[in-house]
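# Analysis of the macromolecular model
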Amino acid sequence: MGLGYSSRMQWPRVAVEQDRSFTPPFCPRSTCAQHRGAGPNGFRFRHHGTYTTRRRGPIPRFVCLTCRRTFSRQSFATSYYLKRPELLVPVAAALLAGSAHRQIARSIHCAPSTVTRLSARLGRHCLLLLARGLRHTEGRLDESLVIDHFETFEFTQDFPFGVATAVGTQSWFVYALEPAPHRRTGRRSPAQHKRLLSRPRRAFRGGYYGSTWRLVNTVLPLAAHGKLLHLVGDGHPAYARIARRHHQASRLRLKSYPNPARGPRGSPRSHYARARDQAMFPVDLLHALLRHSLAHHRRETIAFGRRLNAIMERLFVAAVWRNFVKARSERKPDPTTPAMSINLTDRAWSWRRVLGRRLFPQQETVPPVWQELYARLWDNPLLSHNTRHARVLAY
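The structure reproduced in this document is the subject of the present report. (Residues numbered from 1 in each chain as written. Predicted model: local features only at pLDDT ≥ 70, side-chain atom pairs only at ≥ 80, totals over all residues. Heavy atoms only, no water.)

### Here we look at the nonpolar core
- Residues Val 91, Tyr 175, Met 312, Phe 316, Trp 351 and Trp 370 are the most contacted members of the largest nonpolar core, which totals 84 residues.
- Among the elements that take part in this core, helix α9 (residues 308-325) stands out by supplying 12 residues, more than any other.
- In terms of nonpolar packing, the next biggest core, distinct from the first, is built from 12 residues, Phe 22, Cys 27, Phe 62 and Phe 76 among them. (Core = buried A, V, L, I, M, F, W, Y, C linked by side-chain atoms within 4.5 Å. Buried < 20%, exposed > 50% of the residue type's maximum accessible area, 1.4 Å probe, protein only. Helix = DSSP H or I, 4+ residues; strand = E, 2+ residues; numbered from the N terminus.)

Pasting the structure below:
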């Protein structure tokens, strides 16, 4: 049952590679005037022959009549520039099956670096797909959002960071993810404290407060103009500060459920603990799924993430899996996905459909920090080389 959204996201059911009647909707080159939108007479192009590959067969080519540059149908596919396009779907599924990159590589017979590169490509695609989903829900949000930070670390536990997450209370749709680097907390031995002081400094970008501010800026346009945005939190001080100091604080309503003191294991929960667990259940369930499904977020693992950019890319893959692919419940006979609950889609998607077409960052409304994550601009000071994504034509 939908939550009242009136327009579903238009997405092809047949992948671009298999679409025999494909016609290009725009020029794929970002420098062309026909890239962001066709003119009043539509996109002007003409056919420019075909070429054949061993894996894909004949592929039609086109020429843009504005910039006079050529391109092919493959320019609009998520497998653009890939020598082994058949690996995208199994890698996407394996990343959410608790497998690390080397395990996946052994299973599908490729190099571990191939899995790492495909993981980054999948993360960028899912980031843009989630941004497109938010654009279709803009002004139609009619449920409260539960916000909380998912705690993890990059490279070493001396570099922890949280991930602010916003989840629908009724739909369980994951609306936004925002990184929040912060200082290491908790007890430390003298040796750990000395090592921590020797570490290079990194930019926190506001920590919990800054990430919550950015998250609110991302989800606030989803509420109808002039209507309130209801948030549910666990009593974190940053949430209350945002609700008071935000420039649109009059549109925010925060209900806090502070984490109560828990008794010994096996003791009955208090009334306050039950109320907190019930209110925060959608985001707690998401965080439990992330711990269970992603190898680098388990409590006991050697498959930890090395870079914040890569960790966030895999979290966007998990968000799209949660929203579009996975049913709300596997224990109950309910095949409804969170995207179906908000009437964004009419059925559950497969990974093949998620990867049905390529998305271009210039054509999507992407939050500022998501743009930085797409380009891999968040550096790890412990690493001498931080890979950027600054391709001109590649995905």
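The discussion continues.
### A few points about the environment of Ala 348
- Relative to the elements of secondary structure, Ala 348 occurs in the loop between α10 (338-341) and α11 (351-354).
- Here Ala 348 is in contact with Phe 324, Val 325, Thr 337 and Met 340, once residues within four sequence places are set aside. (Contact = heavy atoms within 4.5 Å.)

### Section: the sheet that holds strand β3 (residues 70-72)
- Reading across the sheet, the 3 strands line up as β1-β2-β3 and stay open at both edges, with antiparallel pairing between neighbours. At either margin of the open sheet sits one strand with a lone partner, and together these are β1 (45-53) and β3. With direction set aside, neighbouring strand axes in the sheet form an average angle of 30°.
- As defined by bridge partners, β1 adjoins strand β2 (residues 57-64) across 7 bridges and the pair is classed as antiparallel. Of the residues in β2, the one forming a bridge with His 47 is Phe 62. (Pairing = 2+ DSSP bridges. Axes fitted to C-alpha atoms, helices over the stretch in contact; angles between N-to-C directions.)

### Remarks on the pattern of salt bridges
- Applying the stated criterion to the full structure yields 15 salt bridges.
- Here Arg 184 and Asp 158 are joined by a salt bridge, their closest N and O atoms 2.5 Å apart. Of this pair, Arg 184 sits in the loop between β6 (174-181) and α4 (190-198) while Asp 158 sits in the loop between β4 (145-153) and β5 (160-168), and the two are 26 residues apart along the sequence.
- Accessibility expressed as a relative area gives 16% for Arg 184, which makes it buried. (Salt bridge = Lys/Arg side-chain N within 4 Å of Asp/Glu carboxyl O.)

Function cannot be inferred from these measures alone, as they are strictly geometric.
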